[in-house]
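Breakdown of the fold
What follows is each chain in one-letter form.
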Amino acid sequence: MSASPSRFAALALVPLSYAALHAAAILLAAPGSAGALSLGFNICAPALAMLAAWRQCLRTSWRPADGWSLVGLAFLLWCLGMAAPLAQERIASASAFVRYADILLFVLYAVPLTWIAASPFRHRNSRAVQLVDGALALALGVLFFKLTVALATHDGSAQISAAYLAWLFDVENLYLLACIRLRHWAAATRAERELFASLLVFASIYFVVAAFNNHVATLALNAEPGSLLEILVPLPFLAFVAYTLPTPLGKKRTEHRALVLRTRYVRSASPLIMCVAVLGTGLALAHSDYAFGVCGVLVAVAGYALRNVLREVRHVELRAMLRSKQSELEALTLVDGLTGVANRRALDLALERDCRTAIRNGQTLGVLLIDIDFFKLLNDTSGHQAGDESLRRVAQTLSECLKRSEDLLARYGGEEFVVLLPGIDRLGCATMAENLRAAIEQAELGNAGAPSKRLSISVGVACDRPSVLTDRLVLLRDADEALYQAKRGGRNRVALAWEGVIKEC
Ligand SMILES: Nc1nc2c(ncn2[C@@H]2O[C@H](COP(=O)(O)OP(=O)(O)OP(=O)(O)O)[C@@H](O)[C@H]2O)c(=O)[nH]1
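Residues numbered from 1 in each chain as written. Predicted model: local features only at pLDDT ≥ 70, side-chain atom pairs only at ≥ 80, totals over all residues. Heavy atoms only, no water.

Looking now at the overall build of the chain. Looking only at helices and strands, one finds 17 helices and six strands in the chain. Buried residues in the chain amount to 48% of all 505 residues. Counted over contacts in the chain with a minimum sequence separation of 6, partners at least 24 positions apart contribute 72%. (Helix = DSSP H or I, 4+ residues; strand = E, 2+ residues; numbered from the N terminus. Buried < 20%, exposed > 50% of the residue type's maximum accessible area, 1.4 Å probe, protein only. Contact = heavy atoms within 4.5 Å.)

The phi dihedral of Glu444 falls on the positive side, at around 55 degrees, and the residue is not glycine. Within the secondary structure, Glu444 sits in the loop between helix H16 (426-443) and strand E4 (457-464). Located in the positive-phi region is Asn492, a residue other than glycine, with phi close to 50 degrees. Mapped onto the fold, Asn492 is located in the loop between helix H17 (471-488) and strand E5 (494-496).

Surveying the vicinity of the ligand reveals 17 residues, the closest of which are Phe374, Phe375, Lys376, Asp388 and Arg411. Between Phe374 and the ligand, the recorded distance is 2.8 Å, taken from a backbone N or O atom to an oxygen atom. Within the residue set of the shell around the ligand, elements represented by two or more residues are strand E1 (365-372), helix H14 (375-382) and helix H15 (384-401). With four residues, the top contributor of residues to the shell around the ligand is H15. Taken together, the residues of the shell around the ligand sort by class into five nonpolar, four polar and eight charged. (Near = heavy atom within 4 Å. Polar contact = N/O pair within 3.5 Å; in protein donor to acceptor, adjacent residues only side chain to side chain. Nonpolar A, V, L, I, M, F, W, Y, C, P; charged D, E, K, R; others polar.)

A word on helix H9 (residues 190-220). Taking 1.5 Å of rise per residue, 31 residues should cover 45 Å, and H9 covers 43 Å from first to last C-alpha, within 8% of that figure. The first or second residue beyond H9 is Asn222, which carries a positive phi of 50 degrees. (Expected span 1.5 Å × (residues − 1).)

Both the distance between ring centres and the angle between the ring planes are used here to describe each pair of aromatic rings. Summed over all chains, the structure comprises 13 aromatic pairs. For the ring pair Trp78 and Tyr206, a centre distance of 6.2 Å and an interplane angle of 80 degrees mean the geometry is edge-to-face. With Trp78 in helix H3 (residues 65-90) and Tyr206 in helix H9, the pair connects residues that are 128 residues apart, well separated along the chain. What makes Trp78 buried here is its relative accessible area of 5%. Exposure remark for Tyr206: the relative accessible area of 11% places this residue in the buried category. Measuring from ring centre to ring centre gives 6.1 Å for Tyr206 and Phe237, while their planes differ by 85 degrees; the resulting arrangement is edge-to-face. Residue Tyr206 is located in helix H9, and its partner Phe237 is located in helix H10 (residues 235-244); the two are separated by 31 residues in the primary sequence. Each member of the pair, Tyr206 as well as Phe237, is classed as buried. (Phe/Tyr/Trp six-rings, centres within 6.5 Å; stacked < 30°, edge-to-face > 60°.)

Between helix H6 (residues 110-118) and H9, whose axes approach to 12 Å, the crossing angle comes to 135 degrees. When the interaxial angle is binned, H6 and H9 end up oblique. For the element pair H6 and H9, the recorded crossing hand is left-handed. In contact with Leu113, Ile116 and Ala117 of H6, H9 contributes Leu195, Phe196, Leu199 and Phe202. Of the residues that constitute the contact of H6 with H9, the class distribution is seven nonpolar, no polar and no charged. (Axes fitted to C-alpha atoms, helices over the stretch in contact; angles between N-to-C directions. Parallel < 35°, antiparallel > 145°, perpendicular 65-115°, else oblique. Left-handed = near helix turned anticlockwise from the far one by under 90°.)

The next subject is the environment of Leu259. Following the sequence through the fold, Leu259 ends up in helix H11 (residues 257-286). Take Leu259: its relative accessible area is 1%, and that puts it in the buried class.

Here strand E3 (residues 416-422) lies mainly inside the structure; seven of its seven residues are buried. For E1 and E3, the ladder comprises seven bridges, and the chain directions are antiparallel. Across the sheet, Leu369 pairs through a bridge with Val418, a residue of E3. By the bridge criterion, five bridges tie strand E2 (residues 408-413) to E3 in an arrangement that is antiparallel. When the bridges of E3 are listed, Ala410 appears paired with Val418. (Pairing = 2+ DSSP bridges.)

With that out of the way, let us pick up the confidence of the model for the chain. Per-residue pLDDT for the chain has a mean of 87; in total, 90% of the residues score no lower than 70. Considering only residues more than four positions removed or in separate chains, one finds that residues 501-505, a stretch of pLDDT under 50, has 16 contacts. (pLDDT = per-residue confidence, 0-100.)

What follows concerns the pairing of E1. Consecutive side chains of a regular strand alternate in pointing toward one face of the sheet and then the other. Where burial is concerned, most of E1 is hidden: eight out of the eight residues are buried. Here E1 shows a buried face lined by Leu365, Val367, Leu369 and Asp371 and a second buried face lined by Gly366, Leu368, Ile370 and Ile372. With eight bridges joining them, E1 and E4 adopt antiparallel strand pairing. The residue bridging Val367 from the neighbouring strand is Ala462, located in E4.

Another point: the nonpolar core. Membership of the largest hydrophobic core comes to 69 residues, with the highest contact counts inside it found for Val71, Tyr109, Leu113, Leu199, Phe202 and Phe240. No other element matches H3, which puts ten residues into this core. If near-sequence neighbours (up to four positions away) are discounted, Phe240 is found in contact with Ala49, Ala52, Ala53, Trp68, Val71, Phe75, Ser198, Leu199 and Phe202. Within the second largest apolar cluster, 32 residues are counted, among which are Val394, Ala395, Ile440 and Cys463. (Core = buried A, V, L, I, M, F, W, Y, C linked by side-chain atoms within 4.5 Å.)

With that out of the way, let us pick up a nonpolar patch on the surface. On the surface, Leu27, Leu28 and Leu228 cluster together to form a nonpolar patch covering roughly 350 Å² of accessible area. Considering the arrangement of structural elements, one finds Leu28 in helix H1 (residues 5-28). Note on Leu28: relative accessible area 73%, which makes it exposed. (Patch = residues over 30% accessible without salt bridge, like charges linked within 9 Å, V, L, I, M, F, W, Y side chains within 5 Å. Areas by Shrake-Rupley, 256 points an atom, 1.4 Å probe, with all protein chains shown as cover. Salt bridge = Lys/Arg side-chain N within 4 Å of Asp/Glu carboxyl O.)

What follows covers the side chain of Thr281. Along the chain, Thr281 turns up in helix H11. Ignoring anything within four residues of it in the chain, the contact list for Thr281 reads Leu140, Leu143, Phe144 and Leu147.

Applying the stated criterion across every chain yields a total of 19 salt bridges. For Arg477, the salt bridge identified is with Asp478, shortest N-O distance 3.3 Å. Residue Arg477 is classed as partly exposed on the basis of its relative accessible area, which comes to 47%.

Laid out in structure tokens, this is it:
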């Protein structure tokens, strides 16, 4: 994890300033009020972290904005867990929920974080899969709470054993830290890395501070509320705030194969890790609460199965979508964007195919090369948009003249078109060329740059029986030479490669 200098400064300044204020408040507090003041600081820190997370959520356009909002929710639950004793003191109820509300909230705070760490939150990830992951994370939280209460009151007393609680919270914190570390290690995008880096800073400090607080401050030193040691409690939250304050974009991770592979494996394995955690917690709970334990095992198995079914459905959908997109793209690569007729690539493929067929069947192949007359002047006088429109109208008029499915009209480039006429003799080719010229003339399209003010075309015609594949290029060259003749002859005419100009208007 790399941090910019501004991040290092914020990471040092924000928690230290807060800790100094916290310590001063405890030391200067009136007798008996240090505990309440310190509690205020301990509630304020996760509240600040919650605001920082939701600020990130508003900032980012990354879809896993869900990620940041869930982090905010986790901090809110922790904040409530910290404040719960205040309510517990006021509500004189013996219900288990009220008695263990703070422990429940401290356990549940991990649910949104577990969810983020398990769910891939990828762009195309389906909502249904995310919901299953969320349900599994919630099940894990509830089972873990049941296990916590069951183990911490294992001697039959209603009194929670602080020692057991300390160890169980260590397990919870370590599990979270490991999952977040894994996701950070395999984060592929900048936004994903930013989220998991912030969480990693928080979870690492939280693990150390919570272990110290639970084992040393509470159990070994028996620190009272309002003790100076409490200034450690807000540190992980303030470190999170400090880490998210500046918004450097961080270096783009190079997409080397190892990263791609580990991203793929970690993303696929994350939900499995959560299912295994639900399964393990369920099995551990089965000793003390058989029904709940079995439910946990069933939830783990059903959740994993459901998740796999949903992923498979998604894969099938994606494969079908990819296939149809691929065919669409393939079709697009063969079409001229301006006129909608076949493009040069399609022409090359068709010419080669028709030439092979003509060689195999001993047939003729006709090639008409068509050029719009005075097109440059049309562009110069009426503008390029009018030129484009004329190209579209010419292409449409020409394609309406082709009746046989084997015939092909293609844009050869610029204001030139080619018509392929397989299996037609020379007379047929010449007639077709004249029909095309006449059709354009009858369409009465304007060309302000032409002396006649009418748009016209010149056509060069070649027709032969190819004997080798390269003859297709000879046909094109002959048609081009004939076209040159037609232009030289005065335009708006058809020239035959084997005869010269046959039609003049
Ligand atoms: N509007 C438009 N113009 C194009 C396009 N492709 C090529 N052109 C223009 O077409 C013109 C072709 O001009 P020339 O090759 O000199 O031919 P011409 O003016 O038609 O003259 P002749 O062929 O001798 O009658 C050039 O000005 C090109 O810029 C296009 O897609 N759209």
